[in-house]
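Chain by chain, the residues run as shown.
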Amino acid sequence: MVKGSQGVKSVQGAKNVQRTKRVQAAKKEAQTGDAVTVERREALAGRVFSAAGVTVTPLPPAERVSLRAPEDSVAALSRALGVTLPAKPKTSAAKAGRLAFWLGPDEWMVIDEGGKDPLADCARVKALHSAVGISHRNVAIAVTGPACEATVSAGCPQDLSLAVFPVGAVSRTVLGKAEIVLYRAAEDSFRIECWRSFSDYVFTFLSEAARDAAA
Amino acid sequence: MLLIRCPYCEEERPELEFRNAGEAHVARPADIAAISDEDFEAFFFIRSNPKGIIYERWRHIHGCARFFNAVRDTVSDKFVMTYKAGEPKPKKLPGVAK
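Residues numbered from 1 in each chain as written. Chains lettered and ligands numbered in written order. Predicted model: local features only at pLDDT ≥ 70, side-chain atom pairs only at ≥ 80, totals over all residues. Heavy atoms only, no water.

Below, the discussion takes up the side chain of Glu193 of chain A. Residue and element names in this part refer to chain A. On the secondary structure map, Glu193 appears in strand 11 (residues 189-195). What makes Glu193 buried here is its relative accessible area of 2%. In this structure the side chain of Glu193 is engaged in a polar contact, spanning 2.7 Å, whose partner is the side chain of Arg64. (Helix = DSSP H or I, 4+ residues; strand = E, 2+ residues; numbered from the N terminus. Buried < 20%, exposed > 50% of the residue type's maximum accessible area, 1.4 Å probe, protein only. Polar contact = N/O pair within 3.5 Å; in protein donor to acceptor, adjacent residues only side chain to side chain.)

In structure tokens:
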């Protein structure tokens, strides 16, 4: 018993020494000005799936904003963002590398792929609104090719035919067991936005669906 | 799969996008601290549970995320109609003889 407790003590002692060393290293860093660099690790880095007629590709990081606003503020926000916020259900607007998705009667998702910050644009607007940066919450996946509709339909219960889900249509919906935002960028191209923690599941699901769609 | 019409999305969507949220038109008392235990029980626990037409709250949780009201037949499980939250009970139901 006594021996055991001594063992624990010595382990704790070693830990304390380590911690002291770390603190000293951090202090030294602060003095010399060597900043700690954090490596950006993309959730789906390097994962591409190709089958006959369809390709599933992770899209590069983008700036995203979740925007809630009453009707009176929409005009001012549209002016600041440089893209007219769509008012009709299931529609989107695109202008100069910026996408605005209608998600609900007073809810939009704004995506900027040009590296500009839509959150800063919203911050300049005086009208009542709520803009939350969700750039790192979401991961985007592109499903392209003639079999893209069959691939997404494997897990999405909505009618995705061109007549009902035309180019530019966007909707929050489900894919398998995960919630996604589905956007039709072109006749043979979908953009799928999902939460980062769901991205492995969504990508794997789409890969399997693509394999089936090709078969 | 059931198709449910969302009054905000203005189209029929698959049931997987929706969640039931209990009975509709249950009015919360203005001064809930003043009501008797019996009245509170009636407000809080007692639901109509009819056989036939029921008025329910539903939420388009995996869509526009809005709450709305729906009229449903508990016998056939068919949705008679849906309408936006805050609107009064519809006086006339389409396709229901009464």
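Quick look at the sheet that holds strand 6 (residues 79-84) of chain B now. All names here are of chain B. Read from one edge to the other, the open sheet built from four strands follows the order 3-4-5-6, with strand pairing classed as antiparallel. The open sheet has two edge strands with one neighbour each: strand 3 (19-23) and strand 6. Shown here is a sheet whose adjacent strand axes are inclined to one another by a mean of 35°, direction ignored. When strand 4 (residues 53-59) meets strand 5 (residues 67-73), the two strands line up antiparallel, connected through seven bridges. By the bridge assignment, Tyr55 is partnered in strand 5 with Val71. (Pairing = 2+ DSSP bridges. Axes fitted to C-alpha atoms, helices over the stretch in contact; angles between N-to-C directions.)

Moving on, we get to the interface of chain B and chain A. Frequently, the measure chosen for interface size is the accessible area that the parts lose on association. Listed per partner, the contact involves 15 residues of chain B and 16 residues of chain A. Of the roughly 1100 Å² buried between chain B and chain A on both sides combined, carbon and sulfur atoms contribute 53%. Ranking the residues of chain B by area buried against chain A places Arg13, His62 and Arg66 of chain B at the top, with a combined share of 38%. Connecting chain B to chain A are three salt bridges. (Contact = heavy atoms within 4.5 Å. Buried area = accessible area lost by both parts, 1.4 Å probe. Salt bridge = Lys/Arg side-chain N within 4 Å of Asp/Glu carboxyl O.)

Counting across every chain of the model gives one cavity of 30 Å³ or more. Forming the walls of the largest cavity are Lys90, Trp102, Leu103, Val170, Ser171 and Arg172 of chain A together with Cys9, Arg13, Gly63 and Cys64 of chain B. Looking at the lining of the largest cavity, the elements that each hand over two or more residues are strand 5 (98-104) and strand 9 (170-175) of chain A. Looking at the lining of the largest cavity element by element, the count peaks at three residues for strand 9 of chain A. Residue composition of the lining of the largest cavity, grouped by class: five nonpolar, two polar and three charged. (1 Å grid on protein atoms, 1.4 Å probe; cavity = no way out; pocket = protein on both sides within 12 Å on 5 of 7 lines; lining within 4 Å. Points joined across faces, edges and corners; volume = space filled by probe spheres on them. Nonpolar A, V, L, I, M, F, W, Y, C, P; charged D, E, K, R; others polar.)

Now for the layout of surface pockets. Residues and elements named next belong to chain A. Taken as a whole, the largest pocket spans an internal volume of roughly 260 Å³. Contributing to the lining of the largest pocket are 16 residues, with Glu71, Ala87, Trp102, Pro105 and Asp106 lying nearest its centre. The residue inventory of the lining of the largest pocket, partitioned by class, reads twelve nonpolar, no polar and four charged. Approximately 210 Å³ is the volume found for the second largest pocket. What lines the second largest pocket is a set of 17 residues, and nearest its centre among them are Arg40, Glu42, Pro61, Val139 and Arg196. Here the lining of the second largest pocket takes three residues from strand 8 (residues 138-144), the largest share from any one element. Residue classes in the lining of the second largest pocket are distributed as nine nonpolar, three polar and five charged.

Turning our attention to the pattern of salt bridges. Going through the model one piece at a time under the given rule, you end up with 18 salt bridges over all chains. With a shortest N-O distance of 3.1 Å, Glu208 of chain A and Arg211 of chain A are connected by a salt bridge. Here Glu208 of chain A pairs with Arg211 of chain A, and both are found in helix 5 (residues 199-214), just three residues apart, close to one helical turn. For Glu208 of chain A, a relative accessible area of 40% puts it in the partly exposed group. Arg13 of chain B is the salt-bridge partner of Glu17 of chain B, the closest N and O atoms lying 3.1 Å from each other. Each of Arg68, Asp106, Glu107 and Arg172 of chain A together with Arg66 of chain B takes part in a single network of salt bridges with overlapping partners.

Residue and element names in this part refer to chain A. Pairing geometry for strand 1 (residues 49-51) and strand 2 (residues 54-58), over three bridges, is antiparallel. In the sheet register, Phe49 faces strand 2, and the bridge partner there is Val56. Between strand 1 and strand 2, which pair antiparallel one after the other, the connecting turn spans two residues, and Gly53 there sits at a positive phi close to 90°. The pairing of strand 2 with strand 8 spans four bridges and is classified as antiparallel.

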